[in-house]
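# Remarks on the overall topology
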Amino acid sequence: MGFIPDEGKSLPPPGIVNRNSVWLSGVGWCTAMLHNAINHRPPIKAGVHRQFLLATIGWFIGYHITKYENYSNAKNDRDMYEYIRLHPEEFAPKEKKTFAEIVEPFTPIR
């Protein structure tokens, strides 16, 4: 697909089974079943080839949406880490406290 720049092609591919693919595949299958029901055909038995086709198209679109999502997340991470590297004074490490300094002293009430 042409909506991911060349720098995004170095990312590892997403898994074949991912939430976007499964979701959009289900939407495609339900669309074919709804089309059958609207046209007064048996929803599950009629047009199995269309059900399979729309589920496959949904899976394909979901896979490429996941690829674009991974690219945009990687780009945001890269920009964020670059900003942190260029402005270390804004991200000074905090002093470490012990657990006893955080928790109030315990006095049982009877």
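Here goes a summary of the coordinates provided. Since we're looking at a predicted model, the values are computed, not measured.

## Quick word on helix H2 (residues 48-86)
- Compared with an ideal rise of 1.5 Å per residue, which puts 39 residues at 57 Å, H2 spans 57 Å between its outermost C-alpha atoms and is within 8% of the ideal.
- Along H2, the positions that sit buried rather than exposed are Gln51, Ala55, Gly58, Gly62, Tyr63, His64, Thr66 and Tyr71.
- Where H2 is buried, its residues contact helix H1 (19-38).

## Topic: the pattern of salt bridges
- The final tally for this structure, using the stated rule, is four salt bridges.
- Across the pair Arg19 and Glu69 runs a salt bridge, and its minimum N-O distance is 2.6 Å. In this pair, Arg19 sits in helix H1 while Glu69 sits in helix H2, placing the two residues 50 residues apart along the sequence.
- When its relative accessible area of 58% is taken as the criterion, Arg19 is described as exposed.
- Take Glu69: its relative accessible area is 25%, and that puts it in the partly exposed class.
- Residue Asp79 pairs with Arg78 through a salt bridge whose shortest N-O separation is 3.5 Å.
- Among the ionic contacts, a cluster of salt bridges with common partners joins Glu7, Arg78 and Asp79.

## Concerning the packing of aromatic side chains
- The final tally for this structure, using the stated rule, is two aromatic pairs.
- Taking the centre distance of 6.3 Å and the plane angle of 45° together, the rings of Tyr68 and Tyr71 count as tilted. You can see Tyr68 and its partner Tyr71 sitting in helix H2, three residues apart, about one turn around the helix.
- Measuring from ring centre to ring centre gives 6.1 Å for Tyr83 and Phe91, while their planes differ by 85°; the resulting arrangement is edge-to-face.
- When its relative accessible area of 41% is taken as the criterion, Phe91 is described as partly exposed.

## Considering the layout of surface pockets
- Approximately 160 Å³ is the volume attributed to the largest pocket.
- As for the largest pocket, its lining consists of twelve residues, of which Ile4, Gly8, Lys9, Leu11 and Lys67 are closest to the centre.
- By residue class, the composition of the lining of the largest pocket is seven nonpolar, three polar and two charged.

## Regarding H1
- Under the 1.5 Å per step criterion, the end-to-end length of H1 is 28 Å for 20 residues, consistent within 8% with the ideal 28 Å.
- Burial in H1 covers these residues: Asn20, Ser21, Ser25, Gly28, Ala32, Met33 and Asn36.
- Positive phi appears at His40, one or two residues downstream of H1, with a value of about 60°.

## As for a nonpolar patch on the surface
- Taken together, the side chains of Leu53, Ile57, Phe60, Ile61 and Ile65 present a nonpolar region at the surface, about 440 Å² in accessible area.
- In this structure, Ile65 sits in helix H2.
- Judged by relative accessible area, Ile65 falls into the partly exposed class, the value being 38%.

The rules behind these values
- Residues numbered from 1 in each chain as written.
- Predicted model: local features only at pLDDT ≥ 70, side-chain atom pairs only at ≥ 80, totals over all residues.
- Heavy atoms only, no water.
- Helix = DSSP H or I, 4+ residues; strand = E, 2+ residues; numbered from the N terminus.
- Expected span 1.5 Å × (residues − 1).
- Buried < 20%, exposed > 50% of the residue type's maximum accessible area, 1.4 Å probe, protein only.
- Contact = heavy atoms within 4.5 Å.
- Salt bridge = Lys/Arg side-chain N within 4 Å of Asp/Glu carboxyl O.
- Phe/Tyr/Trp six-rings, centres within 6.5 Å; stacked < 30°, edge-to-face > 60°.
- 1 Å grid on protein atoms, 1.4 Å probe; cavity = no way out; pocket = protein on both sides within 12 Å on 5 of 7 lines; lining within 4 Å.
- Points joined across faces, edges and corners; volume = space filled by probe spheres on them.
- Nonpolar A, V, L, I, M, F, W, Y, C, P; charged D, E, K, R; others polar.
- Patch = residues over 30% accessible without salt bridge, like charges linked within 9 Å, V, L, I, M, F, W, Y side chains within 5 Å.
- Areas by Shrake-Rupley, 256 points an atom, 1.4 Å probe, with all protein chains shown as cover.

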